[in-house]
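# Coordinate analysis (summary)
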Amino acid sequence: MASDDLIQKLKTALGPQGVLTGKDAEEKAQGGWSNLGVPAAVLRPANTDEVSKALKLAHAAGESIVPWGGKTGLVEGGEADGHIALSLDRMNKIEEIDATGGTMTVGAGCVLQAICEAADEKGLFFPLDLGSRGSATIGGNISTNAGGNRVIRYGMTRDMVLGLEAVLADGTVMNSMNRLIKNNAGYDLKHMFIGSEGTLGIVTRAVLRLRPKPVSQDTGFVAVESFEALPKFLRHMERALGGALSAFEVMWEDFYKLVTSEPAKGRPVVAHGHPYYVLVESMGGAREADAARFEAAMMDALE
Ligand SMILES: Cc1cc2nc3c(=O)[nH]c(=O)nc-3n(C[C@H](O)[C@H](O)[C@H](O)COP(=O)(O)OP(=O)(O)OC[C@H]3O[C@@H](n4cnc5c(N)ncnc54)[C@H](O)[C@@H]3O)c2cc1C
């Protein structure tokens, strides 16, 4: 349990906006997708320096701190009952978009959807896409190495992060804000933090890799009769689309039924009664030619 003395020191270091206690802390723990408990306090630092100060104080007092992003995690990684949570919600700035270099520098509290929209406005593309895009933060995506539905083409979050800044438990700031794709100099320490759920430090900033914005998007939804046919269908689409395949999401019959029957709002696009269903997506650079190629690939697969 965090002591009153520590909370007081944190209030002095972070200012009145920077520390929530009592009912305010309890309320801040609500609205997530898993039970986060009732924290003794929720810290809301405004920048990396304040994160460092907070961790230094907590470290000296032997108290642990649990980082919070958008609280969309489904495995209670942010559970902070009786402890101190640290929300990155004030560190949500898009600092820079380098359209020539194809990078975006962001605060860890930046919401995924805001990142995707900002890239789109510049004619660029950040390919990470999850159902929780409107609330999940890039710091949370990095800390969980989130996947989403375009992994097959663009990889996991790990493959979209060029550089990282993180604060260690004792307050030390680790700066590894690399902006290059081709960089083989020394240890690549960012990978220690990606997917480590805040156990090794708090991610505070990141440099993201942007891609050219696709011009075309073609989608298909297919019922498949056997498990053995699924990998064959996947390999066929990969070959036929020449690298343009961007999603291949397999659904089992019981899941498909659940999300397309009352009380769910979705309705079946293909009739129930098949063992597997696949959502296929292709993205490319030539609208008409891509549509024709996608249709031909789907027709070939049916034969
Ligand atoms: C509708 C829905 C769809 C989803 N779809 C997917 C999906 O397709 N693929 C997928 O992988 N996940 C998915 N998720 C799970 C979740 O959205 C992801 O794990 C997401 O990356 C979590 O981001 P967050 O900002 O909400 O993190 P939180 O839930 O706030 O935190 C998650 C974990 O990361 C830690 N953490 C958060 N921020 C930081 C930081 N700055 N530094 C260090 N540690 C930190 C927390 O302590 C916690 O352990 C989905 C969730 C929902 C609700």
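Since the structure is predicted, the reported quantities are computational estimates derived from the model, not experimental observations. (Residues numbered from 1 in each chain as written. Predicted model: local features only at pLDDT ≥ 70, side-chain atom pairs only at ≥ 80, totals over all residues. Heavy atoms only, no water.)

## Topic: the overall build of the protein
For the protein, the count of helices and strands is 10 helices and 14 strands. Projected onto the principal axes, the alpha-carbon positions of the protein cover approximately 70 × 45 × 30 Å. Burial analysis of the protein (303 residues in total) assigns 44% to the buried set. The long-range share in the protein, meaning contacts at least 24 apart out of those at least 6 apart in sequence, stands at 69%. A total of about 15,500 Å² of accessible surface is found on the protein, and carbon and sulfur atoms cover 53% of it. (Helix = DSSP H or I, 4+ residues; strand = E, 2+ residues; numbered from the N terminus. Buried < 20%, exposed > 50% of the residue type's maximum accessible area, 1.4 Å probe, protein only. Contact = heavy atoms within 4.5 Å. Areas by Shrake-Rupley, 256 points an atom, 1.4 Å probe, with all protein chains shown as cover.)

## So, the site of the ligand
As a structural note, the neighbourhood of the ligand is formed by 31 residues, with P67, T72, G73, S132 and E197 the closest of them. G77 is positioned with one of its backbone polar atoms (N or O) 3.3 Å from an oxygen atom of the ligand. The side chain of S143 places a nitrogen or oxygen atom 2.9 Å from a nitrogen atom of the ligand. Protein contacts shield 84% of the accessible area of the ligand, which totals 980 Å² for the unbound molecule. Every element with two or more residues in the shell around the ligand is listed here: β3 (65-68), α5 (138-144) and β10 (202-209). Looking at the shell around the ligand element by element, the count peaks at 5 residues for α5. Partitioned by chemical class, the residues of the shell around the ligand number 11 nonpolar, 18 polar and 2 charged. Two domains share the shell around the ligand, each providing at least three of its residues, namely domain 1 (4-87) and domain 2 (94-212). (Near = heavy atom within 4 Å. Polar contact = N/O pair within 3.5 Å; in protein donor to acceptor, adjacent residues only side chain to side chain. Nonpolar A, V, L, I, M, F, W, Y, C, P; charged D, E, K, R; others polar. Domains from an automatic or database assignment.)

## Details of the packing of helix α1 (residues 4-14) against helix α3 (residues 48-61)
Where α1 meets α3, the axes come as close as 10 Å, and the angle between the chain directions of the two elements is 165°. Judged on the interaxial angle alone, α3 and α1 are roughly antiparallel. The chirality of how α1 crosses α3 is right-handed. From α1, L6, K9, L10, A13 and L14 reach across to α3, where they touch E50, K53, A54, L57, A58 and A61. Looking at the contact of α1 with α3 residue by residue, the class counts come to 8 nonpolar, no polar and 3 charged. (Axes fitted to C-alpha atoms, helices over the stretch in contact; angles between N-to-C directions. Parallel < 35°, antiparallel > 145°, perpendicular 65-115°, else oblique. Left-handed = near helix turned anticlockwise from the far one by under 90°.)

## What to know about the pairing of strand β4 (residues 84-87)
Because side chains alternate across β4, one face comprises the buried residues I84 and L86, and the other comprises A85 and S87, equally buried. With 3 bridges connecting them, strand β2 (residues 41-43) and β4 associate as parallel partners. When the sheet's bridge partners are listed, L43 is paired in β4 with L86. In terms of strand pairing, β3 meets β4 through 4 bridges, oriented parallel. Residue pairing for β4: W68 is matched across the bridge by S87. (Pairing = 2+ DSSP bridges.)

## Section: unusual backbone geometry
Cis geometry is found at the peptide bond from E262 to P263, where omega equals 5°. Mapped onto the elements of the fold, P263 is located in the loop between α9 (253-259) and β14 (276-284). We note that K71 has phi near 60°; this positive angle belongs to a residue other than glycine. With respect to the helices, strands and loops of the structure, K71 is situated in the loop between β3 and β4. Not every positive phi belongs to a glycine, and E76 is a case in point at roughly 60°. Residue placement: E76 occurs in the loop between β3 and β4.

## What about α3?
Here α3 spans 20 Å end to end across 14 residues, near enough to the 20 Å set by a 1.5 Å rise per residue. Residues T48, E50, V51, S52, A54, L55 and A58 constitute the buried set of α3. Near the N-terminus of α3, the side chain that reaches the backbone nitrogen of D49, with its oxygen 3.2 Å away, is that of N47. Taken from the residues just after α3, G62 is the one with a positive phi, measuring 70°. (Expected span 1.5 Å × (residues − 1).)

## Quick look at the nonpolar core
Counting residues in hydrophobic clusters, the biggest one holds 49 residues, and the most contacted among them are L43 and F126. The two domains that each donate at least three residues to this core are domain 1 (4-87) and domain 2 (94-212). Core analysis: the next-biggest nonpolar cluster, separate from the first, contains 16 residues, L245, Y276, A297 and M298 among them. (Core = buried A, V, L, I, M, F, W, Y, C linked by side-chain atoms within 4.5 Å.)

## Focus: the sheet that holds strand β6 (residues 103-107)
Reading across the sheet, the 5 strands line up as β5-β6-β10-β8-β9 and stay open at both edges, with antiparallel pairing between neighbours. A single partner strand is all that each edge strand has here, and the edge strands are β5 (94-98) and β9 (173-176). Between one strand axis and the next, the sheet turns through 10° on average, direction left out of account. Looking at chain direction, strand β8 (residues 161-167) and β10 are connected through 6 bridges and run antiparallel. When the bridges of β10 are listed, E165 appears paired with R205.

So, to be careful, I would describe these as geometric facts and stop short of saying anything about function.
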